[in-house]
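# Overview (structure and organization)
Here is how the chains run, residue by residue.
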Amino acid sequence: MDALNQIFGWFGDHWWIIFPLMGVGGAIVGRLQALSRQHHKQKLETLRLKGEIKAAQLAARGQVAPTMSPREAARQQANSSKELLERLFAEHDEVTARWLDYELDVAKMIAFPAMSDGRQPLTAAFLRAKKTADALRPSTADAKITEQQVTEYLDAVGNYAVAFEIAEKDARRLRDSTFTDDERKRLERAQHMLKVAVDQSATPAERQTAYRRVREELDGLIDLSDAAVENLEKKVALQLEQGHAPEPATTTDPSVAADPVAATPAPQPVADPLPARDPLAKADPLRQTAPLHNPER
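The rules behind the values
Residues numbered from 1 in each chain as written. Predicted model: local features only at pLDDT ≥ 70, side-chain atom pairs only at ≥ 80, totals over all residues. Heavy atoms only, no water. Helix = DSSP H or I, 4+ residues; strand = E, 2+ residues; numbered from the N terminus. Buried < 20%, exposed > 50% of the residue type's maximum accessible area, 1.4 Å probe, protein only. Contact = heavy atoms within 4.5 Å. Areas by Shrake-Rupley, 256 points an atom, 1.4 Å probe, with all protein chains shown as cover. pLDDT = per-residue confidence, 0-100. Salt bridge = Lys/Arg side-chain N within 4 Å of Asp/Glu carboxyl O.

## Brief notes about the overall build of the chain
Counting its secondary structure elements, the chain contains eleven helices and zero strands. For the chain, the α and β elements follow one another from N to C terminus as α-α-α-α-α-α-α-α-α-α-α. The proportion of buried residues among the 297 residues of the chain is 31%. For the chain, restricting intrachain contacts to residue pairs at least 6 apart in sequence, the fraction spanning at least 24 positions comes to 78%. Here the chain has roughly 18,600 Å² of accessible surface; of this, 57% comes from carbon and sulfur atoms.

Right under this line is the structure:
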């Protein structure tokens, strides 16, 4: 009884906390309702298309009074199946593109590391949903598949989209909260050095040094995918190639213009090439890597 009174007393002194809790709860409920409405709308559209497919099948078998020839019924069935698969392909590809936006962008990997951490429960659930959807995806929209296969792929794409939404929301909530203070400082330095590495106004030497610092600061914290490293190297190399080339000096002094040695510009230092990556590393752009960081503290 004393413990219960203490709990009621605490809530009586902190009654104001109910307002932010209501706001957070309302946002979560609203998001889940939106996802539910989207999935329900998709289900209704799928039922419509499947109904057309079923009607065409029955007409082709002569089980109902056909309003069209068997050839027309077969054509309608093929068109309905193709339309449904094309829509599912589009949604599947959209979710994958949104995931790759995190997987290939080092800046986003630093800002939201949980999206690339396969040991985060919600991220792991998303990766499992992705694997299932990828495995059930037909080769083309014209592929000959059964109605059950279409239904299984439909459910897989829906689960894939919902799992991504949940994992992304959680990653943006967590940010770097699973890291220690020292590790967060390293992430901040890596983020700062990353801006220098792709800054066209920086010198080639500064950009090259910044690139190395990014890799050093992230070592042991976030395991960059091969595709992310390659993407970053392309950006840095592009900035190195676009380094400010000195223009020949112009002068109206005839004595200087006649002297080829004086007119020749001084040689400019050339930046060293970017360090080569491990040649044994895999080059799969969709490789699902898990950071080396242990979130348990």
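Having seen the structure, we can now continue with the description.
## Brief notes about the confidence of the model for the chain
Averaged over all residues, the pLDDT of the chain is 75; the fraction at 70 or higher stands at 54%. Counting contacts from residues 60-65, a segment whose pLDDT is below 50, to residues more than four positions away or on other chains yields five contacts. Predicted confidence is poor over residues 279-292, with pLDDT under 50, and the contacts of this stretch with residues over four places away or in other chains come to 35 contacts.

## Remarks on the pattern of salt bridges
Inspection of the entire model under this criterion finds 15 salt bridges. Note that arginine 189 and glutamate 217 form a salt bridge whose closest N and O atoms lie 3.0 Å from each other. Placement of the pair is arginine 189 in helix H7 (residues 181-197) and glutamate 217 in helix H8 (residues 204-218), with a sequence separation of 28 residues. On the accessibility criterion, arginine 189 (37% relative accessible area) is partly exposed. Through salt bridges that share partners, Arg98, Glu165, Glu168 and Arg172 make up one connected network.

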